[in-house]
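# Descriptive structure summary
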Amino acid sequence: MSEEWQDIPEDDGITLGPEEALEREIAKSKSLKVERLQLKDRVERLTAENQALRKENEVLKQKRQGDPGHLEHPLDAPDIPYTGAPRPFSRFLPDRWAFILLIFNLAAIGVLLLILLQRPAP
């Protein structure tokens with residue numbers, strides 16, 4: 001029985017003996033098994049999360065369908081007549097504050113530019 005040993009060169013050009021090649025294959029196999037188990041665990045967690053989100057979605061849909069006051073669009077409200085009255089002061093307040101802050105910031109930028117322009121050049 002004459003079996004010739006064929007040395008298989010590795011990627012880095014070094015020829016490994018049978019023990020080293022076997023150890024490397026075992027290490028690869030173990031790492032693949034660990035990765036497969038991690039992926040399986042992740043799939044199980046994501047599946048459970050997906051089921052929980054579906055249940056929550058169904059509950060929210062049921063609440064939404066059971067709520068008679070729910071409207072798809074605010075203009076679909078037939079029972080609320082439009083009076084044409086102006087908005088109350090409290091609803092104007094954020095708009096006024098935004099305008100006041102804009103004016104303040106523009107004034108501050110103007111003052112800073114004047115200060116920079118009056119400074120003598122070095």
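Residues numbered from 1 in each chain as written. Predicted model: local features only at pLDDT ≥ 70, side-chain atom pairs only at ≥ 80, totals over all residues. Heavy atoms only, no water.

### Remarks on the overall build of the chain
Along its length, the chain carries two helices and zero strands. Put simply, the chain has 122 residues, and 2% of those count as buried. (Helix = DSSP H or I, 4+ residues; strand = E, 2+ residues; numbered from the N terminus. Buried < 20%, exposed > 50% of the residue type's maximum accessible area, 1.4 Å probe, protein only.)

### Section: a nonpolar patch on the surface
On the surface, a cluster of nonpolar side chains totalling about 710 Å² of accessible area is made up of F99, L102, I103, L106, I109, L113 and L116. With respect to the element layout, L113 can be found in helix α2 (residues 89–118). (Patch = residues over 30% accessible without salt bridge, like charges linked within 9 Å, V, L, I, M, F, W, Y side chains within 5 Å. Areas by Shrake-Rupley, 256 points an atom, 1.4 Å probe, with all protein chains shown as cover. Salt bridge = Lys/Arg side-chain N within 4 Å of Asp/Glu carboxyl O.)

### Examining the pattern of salt bridges
All chains considered together, the criterion is met by two salt bridges. Ionic pairing is found between E25 and K28, a salt bridge with its closest N-O pair at 3.9 Å. Within this pair, E25 and its partner K28 are both found in helix α1 (residues 18–66), separated by three residues, close to a single helical turn. Using a relative accessible area of 47% as the deciding quantity, one classes E25 as partly exposed. Note that D41 is salt-bridged to R45, the shortest N-O span being 3.4 Å. In this pair, D41 and R45 are both assigned in helix α1, four residues apart and thus about one turn of the helix distant.

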